[in-house]
Amino acid sequence: MTAIDNGPAASADPVVNSIFRRNMATFAENRLALGSAVVVLLFVLMAVFAPFIAPHDPNVTDLFRRLQPPAWQEGGDWAYLLGCDALGRDILSRIIYGARISIFVGAAVVLVATTIGIVAGLAAGFLRGWVDTVISRVVDILLGFPYLIFAIGLMAMMGPGLINIILALVYKEWVIPCRVVRGETLATRELEYVEAARALGASSRHIMMREILPNILSPVIVVSTIRMAHVIILEASLSFLGLGVQPPTASWGAMVADGRAFIMQSWWVSTFPGIAILLLVLGINVASQGLRDAFDPRFHE
Amino acid sequence: MIAQADTALLDVQRLSKTYLGRHNLADRLSGRKQTRVQAVSDVSFGVRPGEILGLIGESGCGKSTLGRSILRLHEPSAGKVVFDGVDVTGLDDAAMKAMRRRMQIIFQDPYASLNPRRTVAEIVGLPLKLHGLTKTPTEARDKVVAMVEKVGLKSAHLDRYPHQFSGGQRQRIGIARALVSNPEFIVCDEPVSALDVSIQAQIIELLTDLKQEMGLTYLFISHDISVIGYLSDRVAVMYLGEIVEMGPVESILTGPRHPYTQSLMSAVPEVDAGVRKARVRLTGDLPSPLSPPSGCKFHTRCPLAIDICRRQAPVTERVGNGHQAACHRLNENLSLLDPVGT
């Protein structure tokens, strides 16, 4: 794309934090990662502008179009590009609207979990002592539960719904950024500039928020992006099991589940939402790995 | 113990710092003993206003820990640190914060001691902000500019990040940060040992100039005898957490009394090729502070060690004007530095 011609880091302006710019330039040189980022961006745009893009109302049923095949197959109709589901709803429109659920849940869970993880991880890593013991034990216990089973249990307790999915996933998701932040904090708090801040009379809060946090943010952002892909799969899994957002709201996982009964005759009902999940998750994974390679100095030669 | 002059700006009294190892429930139940590292044991000394006290010793002897304990960057385990008549070890957080404006530290590693995500202006201006020393941002900026120029940087450097500077320039930034709040006492923790020799001289010159100009008092920690000899008014020699000898710089350099100091002095290269010095080679490494030797801690490596050294720790004795040492054989007037062949 257009970013490639920037070449190696532009260092003309010394005021801009050039570490960040160099990292972004490294990322832009990785064409696979850049392409994946574009795919992810397209999905995001699709979710945001769903009402303008979707050719049909995703929830309008038309029993005459029940299980209508995709346009290029016999019996297909170019107005219904990817065919219709068992209730005659347009699959393409439902995929476009379903992107909203996946991306919203993914972003919300990662955002909330990362915020909690940063606070808990900073407290554990910086304050040490009993604070660290308590937080680390809770983290260990939560890590002992299988993620999906844990979420299913919580959903069964709280009942289905968008907010409940986010809560059920955040319950466990925060431990991952928490562990990253704790580890980075443990290493960073021993650096002399942290000691210097303390010698100058800085409070613990100042040291945590202003000295340590800005320096550990890169790995946290990288981990959070990778986790977003996992969270999207988990949301799809919960929806597949009927524990996610409730019908008729379109969700990719629920759509795959809907088509399960007809998979031998009407393969398109399950396949297209499945491909959507695959593309988005793969896109996030490859893009975030490119991000990691660019931001982790160990990958620089 | 030698009594300190009443005029001391800083009076360290029987300061100890012990690091305790992990000792959780499982360790306790299995009867494992908690590991302790006595990094600094029972150290006393005073620093007079306007003086440079050089603190010398090999790596791992506890000299940096001592410097940090004085500033309570590492909480002392025992003893007192009296600064200008106030025992800082007993101060609460608010009083300690106020005290920190008056006692500062310059670090060894100019790469690790500056936050990579802050500009020079933010780094040097932080003490002003933390202590509310300036009323307006313009006033703060002016003070930062003045300080930065005082350490030999330009105001054009203010909005740059640390990684855009060389080691020597970074050390200047660290010095500016330490001095901007107008402190009285500075712990210089090996401020030049990470720098090139040519840069070392510049930084040492800067530190001595600033001391004159701002009326500072230094505790200058180093393992480099020539740096210490050049700068210091008095020298304290540390071995395994203890001060083994202390005195005016001339008497330490020309007439060291403790065998450890003597071995250190013999390691200094002689410029005059005609002079042949006895070279005292210490065998073995610094013993682990996890299990310090009995008696005199130096006996495992001391060429003069006798039976009593293994059993009993020597007391610090006065050996000259302001000169003290801790050795059982002081009054035998032995010297490892006698010319070869006599």
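Residues numbered from 1 in each chain as written. Chains lettered and ligands numbered in written order. Predicted model: local features only at pLDDT ≥ 70, side-chain atom pairs only at ≥ 80, totals over all residues.

Novice: Summarise the overall build of chain A; cite the residues concerned and give the values.
Specialist: Assigned secondary structure in chain A consists of 12 helices and zero strands. Starting at the N terminus and ending at the C terminus, chain A contains elements arranged as α-α-α-α-α-α-α-α-α-α-α-α. Classification of the 301 residues of chain A by burial places 44% in the buried group. Counting contacts in chain A only where the partners sit at least 6 residues apart, residues at least 24 apart contribute 68% of the total. (Helix = DSSP H or I, 4+ residues; strand = E, 2+ residues; numbered from the N terminus. Buried ≥ 20, exposed ≤ 12 C-beta atoms within 10 Å, placed from the backbone. Contact = placed C-beta atoms within 7 Å.)

Novice: An account of the overall build of chain B is requested, with residue identities and associated values reported.
Specialist: For chain B, the count of helices and strands is 11 helices and 12 strands. Here chain B has a C-alpha radius of gyration of 22 Å; the compact-globule value for 342 residues is 20 Å, and the two agree. Dimensions along the principal axes, computed over C-alpha positions, put chain B at roughly 70 × 65 × 40 Å. Taking all 342 residues of chain B together, 39% fall into the buried category. Nonlocal contacts in chain B, meaning residues at least 24 apart in sequence, comprise 66% of its contacts between residues at least 6 apart. (Rg over C-alpha atoms; globule rule 2.2 N^0.38 Å.)

Novice: Describe the packing of helix H4 (residues 120–130) of chain B against helix H6 (residues 167–179) of chain B, and please don't skip the residues or the numbers.
Specialist: Residue and element names in this part refer to chain B. As a packed pair, H4 and H6 sit with axes 7 Å apart at the nearest point and diverge in direction by 30°. Of the possible angle classes, the one that applies to H4 and H6 is roughly parallel. Where H4 approaches H6, its residues Val120, Ile123, Val124, Leu126 and Pro127 are matched on the opposing element by Ile173, Ala176 and Arg177. The residue makeup of the contact of H4 with H6, split by class, is seven nonpolar, no polar and one charged. (Axes fitted to C-alpha atoms, helices over the stretch in contact; angles between N-to-C directions. Parallel < 35°, antiparallel > 145°, perpendicular 65-115°, else oblique. Nonpolar A, V, L, I, M, F, W, Y, C, P; charged D, E, K, R; others polar.)

Novice: Describe the sheet that holds strand S12 (residues 323–326) of chain B, with residues and values.
Specialist: All names here are of chain B. With mixed pairing, eight strands are arranged side by side in an open sheet as S6-S7-S8-S3-S9-S10-S12-S11. Two strands lie at the open edges of the sheet, namely strand S6 (103–106) and strand S11 (316–320), each paired on one side alone. Across the sheet, the axes of successive neighbouring strands diverge by a mean angle of 20°, strand direction being ignored. Alignment of S11 against S12, held across four bridges, turns out to be antiparallel. If you follow glycine 320 over to S12, its bridge partner there is histidine 323. (Pairing = 2+ DSSP bridges.)

Novice: Pulling in residues and values, what's your account of the interface of chain B and chain A?
Specialist: Contacts between chain B and chain A engage 24 residues on the former and 16 residues on the latter. When residues of the side of chain B that touches chain A are traced back to their parent elements, those giving at least two are helix H3 (93–100), S6 and H4 of chain B. Top element by residues in the side of chain B that touches chain A is H4 of chain B. It accounts for three residues. When grouped by side-chain class, the residues that make up the side of chain B that touches chain A number 11 nonpolar, five polar and eight charged.

Novice: So, the environment of proline 70 of chain A: which residues are in play, and what are the values?
Specialist: Residues and elements named next belong to chain A. Here proline 70 lies in the loop between helix H3 (50–53) and helix H4 (91–127). Sequence-wise, proline 70 and aspartate 90 are 20 residues apart; in three dimensions their C-alpha atoms are separated by 9.9 Å. Not counting residues within four places of it along the chain, the set of residues in contact with proline 70 comprises Gly76, Leu81, Leu82, Gly83 and Trp268.

Novice: Please provide a residue-by-residue account of the confidence of the model for chain B, values included.
Specialist: Atom-level detail of predicted coordinates should not be read off regions where pLDDT is low. Averaged over every residue, the pLDDT of chain B is 87; residues scoring 70 or more account for 94%. Model confidence for the complex: the whole-complex pTM is 0.80, and ipTM, which rates the interface, is 0.83. (pLDDT = per-residue confidence, 0-100.)

Novice: Any details on the packing of helix H11 (residues 252–259) of chain A against helix H12 (residues 268–295) of chain A? Residues and values, ideally.
Specialist: All names here are of chain A. Contact pair H11 / H12: the axes reach a minimum separation of 7 Å and the direction vectors enclose 155°. Put simply, H11 runs roughly antiparallel to H12. H12 is crossed by H11, and the crossing has left-handed handedness. Between H11, through Trp252, Met255, Val256, Asp258 and Gly259, and H12, the contact on the second element is made entirely by Val269, Ser270, Pro273, Gly274, Ala276 and Ile277. Residue composition of the contact of H11 with H12, grouped by class: seven nonpolar, three polar and one charged. (Left-handed = near helix turned anticlockwise from the far one by under 90°.)

Novice: So what's going on with the nonpolar core? Which residues, and what values?
Specialist: Counting 162 residues, the largest nonpolar core has Phe220 and Val237 of chain B as its most contacted members. Contact partners of valine 237 of chain B, with chain neighbours within four places excluded, come to Ile56, Gly57, Ile243, Val244, Glu245, Met246, His258, Tyr260, Thr261 and Leu264 of chain B. (Core = buried A, V, L, I, M, F, W, Y, C linked by C-beta atoms within 7 Å.)

Novice: Break down helix H9 (residues 192–199) of chain A for me, with residues and values.
Specialist: Burial analysis of H9 of chain A places eight of its eight residues in the buried class, the great majority of the element. When H9 of chain A is considered as a whole, its buried residues turn out to be Glu192, Tyr193, Val194, Glu195, Ala196, Ala197, Arg198 and Ala199 of chain A. Buried residues in H9 of chain A make contact with helix H8 (175–188) and helix H10 (204–240) of chain A together with H3, S6 and H6 of chain B. One or two residues past the end of H9 of chain A sits glycine 201 of chain A, with phi positive at roughly 100°.

Novice: How would you summarise helix H2 (residues 63–70) of chain B if you had to cite specific residues and measurements?
Specialist: Of all eight residues that make up H2 of chain B, eight are buried, and the element is covered over most of its length. Following H2 of chain B by one or two positions, arginine 72 of chain B has its phi on the positive side, about 60°.

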